[in-house]
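Structural characterization, general
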Amino acid sequence: MIKTLLAALIVATALAGGTATAQTGSGTLGKIKSAKAINVAYSPDSWPFSFSGPNNEPAGYSIDLCKRVIAQIAHAVGGTKLKVNWIAGSVSERLQMVAKGRADLECANTTQTQTRLANVDFSNLIFIDGGGLLVKAGSPVNQLTDLAGKRVAVLKGTTTEIRLNDLLRLGQISATVVTVADANAGLVMLEEGSVDAYAGDKVKLVGLAVQAKEPAKLALVAEDLSIEPYAMALPRNDSAFRLEVNRALTQVYMGGDIEQIFAQWLGKLGRPTGLLAAMFLLNSIPN
């Protein structure tokens, strides 16, 4: 149990001070309070983290966390019932929405990077994944170097695209990188044989394989291409808003909610990795 693990690892120290009062007169909190609404960017096709479910309602691991965050923000702005405007978009579109003020919050499977911090801020981490390769079962591609002379698809505008190109260049591996607009397009290309591999975050690759026409004909390469720390993108230089977002995440990690959320969306993959459990621990310091 995640909660039990956290309880065993957290040093029981008493932290003085009460709950801080949110400064809602200006900034993102003030905007949300005035509008009685919050605009949230999400991914429509990143199962199991963020996707369009029945009736096009957003669903997934990140969306469940996001709903806890929205509830905390509503409380912080005076208990106002907020209208939630969900806006679907690609990773580059979502980050642009937050940077330009069209979205107040971004909830999906977005990797926090130094480059992205130039335009947006990020919450505490919500997940840690690794980049990998999805191939056909029996494929000769068992590691990155096996891509020499082959074609590999990757989602355009992602950290995986950047890191894949860097790894191929550094390893002097002459593979052809084919960018796609969405993950399903990459899966179709792999199934049809127009590419030899599809690169992406491993949990999302598992999700794609599960939803494929013939999951048994696909395989995940064991090698990790990268480490991908996921977080929610936020408007830059708004510490009051970021505090409320992180306060909500801390409550989820400290309480039992994270167990239910993880079990629902990721439980079939087994228990949280040691790295992920450590992330929950480090981000569960009480406010």
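Just so it is clear, the structure is predicted and the values come from calculations on it, not from any experiment.

Conventions adopted
- Residues numbered from 1 in each chain as written.
- Predicted model: local features only at pLDDT ≥ 70, side-chain atom pairs only at ≥ 80, totals over all residues.
- Heavy atoms only, no water.
- Helix = DSSP H or I, 4+ residues; strand = E, 2+ residues; numbered from the N terminus.
- Buried < 20%, exposed > 50% of the residue type's maximum accessible area, 1.4 Å probe, protein only.
- Contact = heavy atoms within 4.5 Å.
- Areas by Shrake-Rupley, 256 points an atom, 1.4 Å probe, with all protein chains shown as cover.
- Pairing = 2+ DSSP bridges.
- Axes fitted to C-alpha atoms, helices over the stretch in contact; angles between N-to-C directions.
- Parallel < 35°, antiparallel > 145°, perpendicular 65-115°, else oblique.
- Left-handed = near helix turned anticlockwise from the far one by under 90°.
- Nonpolar A, V, L, I, M, F, W, Y, C, P; charged D, E, K, R; others polar.
- Phe/Tyr/Trp six-rings, centres within 6.5 Å; stacked < 30°, edge-to-face > 60°.
- pLDDT = per-residue confidence, 0-100.

Notes on the overall build of the chain
Counting secondary structure elements, the chain contains 10 helices and 12 strands. Across the 287 residues of the chain, 50% fall into the buried class. In the chain, once contacts between residues fewer than 6 apart in sequence are set aside, the share between residues at least 24 apart is 75%. Accessible surface for the chain amounts to roughly 13,700 Å². Of this, 53% is attributable to carbon and sulfur atoms.

Points about the pairing of strand S7 (residues 121–136)
In terms of residue burial, S7 counts as a mostly covered element, since 13 of its 16 residues are buried. Direction of pairing for S7 relative to strand S10 (residues 197–201): antiparallel, over a ladder of four bridges. Directly across from Leu134, in S10, lies its bridge partner Tyr198.

Side note on the sheet that holds strand S3 (residues 50–52)
Two strands in a sheet stick together by hydrogen bonds in their backbones, pointing the same way (parallel) or opposite ways (antiparallel). Ordered by their spatial adjacency, three strands build an open sheet running S2-S3-S4, and the pairing between neighbours is antiparallel. Here the strands that pair on one side only, and so sit at the sheet edges, are strand S2 (45–46) and strand S4 (58–59). Where S3 meets S4, two bridges bridge the pair, whose relative direction is antiparallel. Bridge assignment links Ser52 to a residue of S4, and that residue is Pro58.

Things to note about the packing of helix H3 (residues 61–76) against helix H9 (residues 257–266)
Axis separation between H3 and H9 bottoms out at 9 Å; the angle between their running directions is 155°. Between H3 and H9, the crossing angle belongs to the class labelled roughly antiparallel. Regarding H3 and H9, the two cross each other, and that crossing is right-handed. Along the contact surface, H3 presents Tyr61, Asp64, Leu65 and Arg68, while H9 presents Asp257, Ile258, Gln260, Ile261, Phe262, Gln264, Trp265 and Leu266. Considered class by class, the residues forming the contact of H3 with H9 number seven nonpolar, two polar and three charged.

Quick look at the environment of Val154
Examined against the element boundaries, Val154 turns out to sit in strand S8 (residues 151–155). Sequence separation of Val154 and Val180 is 26 residues, and the distance between their C-alpha atoms is 6.1 Å. Val154 has contacts with Thr160, Glu161, Leu164, Val177, Val178, Thr179, Val180, Tyr198 and Ala199, leaving out every residue within four places of it along the chain.

Digging into the packing of aromatic side chains
Applying the stated criterion across every chain yields a total of seven aromatic pairs. Judged by centre distance (5.1 Å) and plane angle (85°), the ring pair of Phe49 and Tyr230 falls under edge-to-face. Remark: Tyr230 occurs in strand S12 (residues 226–234) and Phe49 occurs in the loop between S2 and S3; sequence separation between them is 181 residues. An identical accessibility class is assigned to Phe49 and Tyr230; each is buried. Taken together, the ring pairs in this structure connect Phe49, Tyr61, Phe127 and Tyr230 into an aromatic cluster.

With respect to the packing of H3 against helix H8 (residues 239–254)
In the contact formed by H3 and H8, the axes pass within 8 Å of each other and the chain directions differ by 125°. Here H8 runs oblique to H3, going by the angle between their axes. Note that H3 runs across H8; the crossing there is right-handed. When H3 is examined against H8, the residues Leu65, Arg68, Val69, Gln72, Ile73 and Ala76 are found in contact with a partner set consisting of Phe241, Glu244, Val245, Arg247, Ala248, Leu249, Gln251 and Val252. Classifying every residue of the contact of H3 with H8 by side-chain character gives nine nonpolar, two polar and three charged.

Comments concerning the confidence of the model for the chain
The pLDDT averaged across the chain works out to 87; a share of 85% of its residues lies at or above 70. Residue range residues 1–22 is modelled with pLDDT below 50. Its contacts to residues more than four positions away, or to other chains, number 29 contacts.

Describing unusual backbone geometry
Cis geometry is found at the peptide bond from Trp47 to Pro48, where omega equals 10°. Structurally, Pro48 is set in the loop between S2 and S3. The phi dihedral of Lys36 falls on the positive side, at around 55°, and the residue is not glycine. Among the secondary structure elements, Lys36 is positioned in the loop between helix H2 (27–35) and strand S1 (37–42).

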